[in-house]
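Below are the chains, spelled out letter by letter.
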Amino acid sequence: MKLALATTAAAAALLFTGCATKNDARYVDSQGPQTIVSLDRINIQDWNNAADRLVASLLASGVLERAPEQPAVMAVSRIRNNTQQQVDTDSLTKKIRVALNQTGKVVTTTTLGPDGRVEDQMAADVGAMQAFMAGEKQKTVLPYYTLSGKLLEDRVRSGNTQQVTYTFQLSLTTTRNGLAVWEDEQLITKQGQRSSVGW
Amino acid sequence: MKLLLATTALAAALLAGGCATSVNTVSRAQPTATPDYVADQRVITDSTLARKVAIVSVNQSTVSNNLLKIQVTLENRSSKPQAFTYKFDWIAQDGMELSGPTGGWKQVQLQGREVRAVSAIAPTPAAADFRLKLREN
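A brief structural summary. (Residues numbered from 1 in each chain as written. Chains lettered and ligands numbered in written order. Predicted model: local features only at pLDDT ≥ 70, side-chain atom pairs only at ≥ 80, totals over all residues. Heavy atoms only, no water.)

**Considerations on the overall build of chain B**
Part 1 of the argument: Of the regular secondary structure elements, chain B holds two helices and eight strands.
Part 2 of the argument: Counting from the amino terminus, helix and strand elements in chain B follow one another as α-β-α-β-β-β-β-β-β-β.
Part 3 of the argument: Within chain B, the proportion of its 137 residues that are buried is 31%.
Part 4 of the argument: In chain B, 68% of the contacts between residues at least 6 apart in sequence involve partners at least 24 apart. (Helix = DSSP H or I, 4+ residues; strand = E, 2+ residues; numbered from the N terminus. Buried < 20%, exposed > 50% of the residue type's maximum accessible area, 1.4 Å probe, protein only. Contact = heavy atoms within 4.5 Å.)

Below you can see the structure in the form of structure tokens.
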């Protein structure tokens, strides 16, 4: 009888507490402190922090108010990836675009891109067709600013400790005269022996 | 034997606390800056963190014509480095919380006795109020 009671109690305890293991998949807040930190790649919190600081720097500079028309029209130019990893630079630029768009200071054109690569080909085609049907020349709103940049990576090791620094560089150029009116870079450095959860 | 014990105790003390260094600072005797201080209310749920990191002041300004910027000055009260995370929430005039693509928890590390400000710019001109959350790592 005692054995049966003990077994039941143990089973109940397992049911309540013991079943969940650390390796079970679970949802975590994408912007929360439980995200994984790795030394071999740029993590979502790195993109997030870099974009946040760069947007704050751009807004605080006051250059966006200098555009003759508000909101300022911006196009995203080339973002060079000089890191060892293959990344989609939209991880940075899209966050910046969304953040600037939310402020009401900037709108981004999606029908102009670097090397003729248009982000939204359909919008460009429909615009051309509308102009053709109306017997007019297509009116393209040219960007007042372009955003360009570079991603860099620096790795160093001391004993078992690795350190990686990712540098996010951005420039905002006035298309009329080709002058960079705002530039900034943000560094994110991570150090450790292996990847971990947390900040 | 006593000498051995004393040496061991000294070595342990050095190991445990000997690496802590604090920050010396110098600034203008009569500051010329005139910050726009914000009267704040504080809710302490982690008294350990509150003892380690003090909120010195909160001040505000406006950037880009209509975006609220908040700066919170923090002080590490201990002589050891303290790492913690913080997050700004933004609240519209109607009390609704606003979200942005780049919000979220961010890490900051204060050296011993260091005073440093953390700041954020509101994601939209609609932001009227803010809330700063601090969390120990």
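Having seen the structure, we can now continue with the description.
**What about the packing of aromatic side chains?**
Part 1 of the argument: This structure, assessed with the given rule, holds five aromatic pairs over all chains.
Part 2 of the argument: An aromatic cluster is present here, built from Tyr86(B), Phe88(B), Trp90(B) and Phe130(B) joined pairwise through their rings. (Phe/Tyr/Trp six-rings, centres within 6.5 Å; stacked < 30°, edge-to-face > 60°.)

**A short note on helix α2 (residues 44-61) of chain A**
All names here are of chain A.
Part 1 of the argument: Across its 18 residues, α2 extends 26 Å between first and last C-alpha, which sits within 8% of the 26 Å expected from 1.5 Å per residue.
Part 2 of the argument: Taken together, the buried positions of α2 are Gln45, Asp46, Trp47, Asn48, Asn49, Ala50, Ala51, Leu54, Val55, Leu58 and Leu59.
Part 3 of the argument: Directly after α2, the chain includes Gly62, whose backbone phi takes a positive value near 80°. (Expected span 1.5 Å × (residues − 1).)

**Concerning the nonpolar core**
Residues and elements named next belong to chain A.
Part 1 of the argument: Counting residues in each nonpolar core, the largest one holds 36 residues, and the members touching the most others are Leu92, Ile96, Leu100, Phe168 and Leu172.
Part 2 of the argument: For this core, the elements supplying multiple residues, two or more each, are α2, β2 (72-81), α3 (90-103), β4 (145-158), β5 (161-174) and β6 (179-192).
Part 3 of the argument: The contact partners of Leu92, leaving out residues within four places of it in the chain, are Trp47, Ala50, Ala51, Leu54, Leu151, Phe168 and Leu170. (Core = buried A, V, L, I, M, F, W, Y, C linked by side-chain atoms within 4.5 Å.)

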